Amino acid sequence: MIERWNRDQVLALAPDASSRKAAQGVSSPGKWSGTGVTADALWGECKGSGSKPYRACVDLSEPAYRCSCPSRKFPCKHALGLLLLWSADGVPAADEPADWVAEWFDQRRDRAARAVTRTAAAAGTAGAAETGPSGDPRRAEQREQRVAAGLSELERWLADQIRQGIAGSRRHDHWDDLARRLIDAQAPGVAGGVSRLNAVLATDDWPARLLGEYALLHLLAVAHRRLPEVMRVAEAGADARPEAAQPRPPAAGLLRRVRERVGFPVTREEVLAGETVRDVWDVLGCRDEEQDRLTARRVWLRGRNTGRAALVLSFAPPGQALDASLVTGTAIDADLAFYPGSSPLRALVATRHDGVPAGPPPGSTLEQALEEVAGALAGDPWLDSWPVVVASVTPAGSPSWQLAGPSGGLALHPSAGTPWRLIAASGGHPLTVAAEWTPRGLRPLTTWDEEGRVIVL
């Protein structure tokens, strides 16, 4: 039997605030009939405005959701309301699921089997794809030339900004033409970074932050320009030039990371065809943000045995459903496939295995967390977030809040404001906190009380 989730965990799955409010309105026992729960299935019928009740069911092992209502949100208010009823111990146990639930589970298993077959076929043809139409060497060379020209223009533009001063950067349309030209140059990753510079202007310390962002863009442009030289040196080996003058080639992962940051994509099939890492992965928390006219969901994981950090990203246009298959505070036994790079972080869930009991993940000291972040930044200087789990910390330092430990503290991100839920959970006592590290401070995600219960922040 899947360990029952609490109210916080259920509401964290809601796609928006209106869904959270609506779910609470349909979570009373009087709204439901024909409910039941087995080891991995939850179902029930909710009375609605029509003559027939809405049938909602949840595959708790993923989780995945289905409802006969017309809502385009996933999970819809009925699935969330059913989960809230279950979290309050309001759903009776059953020996086996209802027929309509069993039919849905059979359909899901069939789709999963077909997906495995397609992935295996894609993996087998990944190498051949380079010679296909999408891997046309002539088109690839043309793109390389466009990207190189676009980044060369970016270098000149940045030099002009420093020479002229940044006072003129206060206009919110200051970077629009440059971003459009980088899109035309087929460097979407850099163009996105330029477009997001507008957000810097809303901060009090915008001059320092803007200069820092300019420096990172310059570093990326120069790194891409020098890639051919570095690759030639790496291939030539130690005999190419005297040992004293021989530069140490960076790791191949860093070269891949530069191209990824510029905007050369790595396909899902390529990632899944690579090596996977099996572990028990604690789901530390998630955060949604608007990004390039899409809603991006960041779900942070950490392996209990390997200690590896992982980020599962999903995107959706505004108003459409995001992936809600990873529940904050739970743990999954799964194989993760990581995107290539010198500090592999982004990953895909390749295969899930049997469920595992949840509980507070092992935490580290603040010093150990900073050492981990420093190592990640050494492999990817453009990194802007990383998951940490710190133990024996308390919120302190009003009005500038931080997580304080025995030997110091780490500041919270300004968006955290006054962390009331964290303060209430702590009550002045040390606790374990999962947070997202950013250059501006920690974003608290989740904590656990003295009894090990999950509190979503």
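Residues numbered from 1 in each chain as written. Predicted model: local features only at pLDDT ≥ 70, side-chain atom pairs only at ≥ 80, totals over all residues. Heavy atoms only, no water.

## Topic: unusual backbone geometry
Selection rule: Numbering goes from the N terminus for both helices and strands, where a helix is a DSSP run of H or I of at least four residues and a strand is a run of E of at least two. Partly exposed describes any residue whose relative accessible area lies between the buried limit of under 20% and the exposed limit of over 50%, with all areas from a 1.4 Å probe on protein chains only and scaled to the type maximum.
Note that the residue after Glu62, namely Pro63, is joined by a cis bond; omega there is -5°. Structurally, the position occupied by Pro63 is in the loop between strand 3 (54–59) and strand 4 (64–67). Residue Pro75 is bonded to the preceding Phe74 through a cis peptide linkage, with omega at -10°. Residue placement: Pro75 occurs in the loop between strand 4 and helix 3 (77–87). Notably, Gln186 is not glycine yet its phi reads approximately 60°, a positive angle. Mapped onto the fold, Gln186 is located in the loop between helix 6 (176–184) and helix 7 (188–195). For Gln186, a relative accessible area of 28% translates into the label partly exposed. The backbone phi angle of Ser392 is positive, close to 60°, even though this residue is not glycine. When you line up the elements, Ser392 lands in strand 10 (residues 386–396). For Ser392, a relative accessible area of 45% puts it in the partly exposed group.

## Focus: a negative patch on the surface
Note the cut-off: Patches here: salt-bridge-free residues with over 30% relative accessible area, like charges joined within 9 Å, nonpolar side chains (Val, Leu, Ile, Met, Phe, Trp, Tyr) joined within 5 Å. Every accessible area reported is derived by Shrake-Rupley at a probe size of 1.4 Å, with residue values counting cover from the shown protein chains alone. For this analysis, a salt bridge means a side-chain nitrogen from Lys or Arg found within 4 Å of a carboxyl oxygen belonging to Asp or Glu. The positive count covers Lys and Arg only, the negative count covers Asp and Glu only, and His and the chain ends enter neither. Working definition for charges: the position is that of NZ of Lys, CZ of Arg, CG of Asp or CD of Glu.
A contiguous patch of negative charge, built from Asp95, Glu96, Asp99 and Glu103, is present on the exposed surface. Mapped onto the elements of the fold, Glu96 is located in the loop between helix 3 and helix 4 (99–124).

## Some details on the packing of helix 2 (residues 17–25) against helix 3
Test applied: Each axis is a line fitted through C-alpha atoms, taken for helices only over the stretch in contact, and angles between the N-to-C directions span 0 to 180 degrees. Every angle not falling under 35 degrees, over 145, or within 65 to 115 is termed oblique; those three ranges are roughly parallel, roughly antiparallel and roughly perpendicular. Each crossing is labelled by how the near helix is turned from the far one, with a counterclockwise turn of less than a right angle marking it left-handed and a clockwise turn marking it right-handed. Note on contacts: a residue pair is in contact if any heavy atoms of the two residues lie within 4.5 Å. The nonpolar class holds Ala, Val, Leu, Ile, Met, Phe, Trp, Tyr, Cys and Pro. Asp, Glu, Lys and Arg form the charged class, and all remaining residues, Gly among them, are polar.
Packing of helix 2 against helix 3 brings their axes to within 8 Å, and their N-to-C directions diverge by 55°. When the interaxial angle is binned, helix 2 and helix 3 end up oblique. Pair helix 2 / helix 3 crosses with right-handed handedness. Counted together, Ser19, Ala22, Ala23 and Gln24 of helix 2 and Lys77, Leu80, Gly81 and Leu84 of helix 3 form the full contact between these two elements. Considering only residue class, the contact of helix 2 with helix 3 consists of four nonpolar, three polar and one charged.

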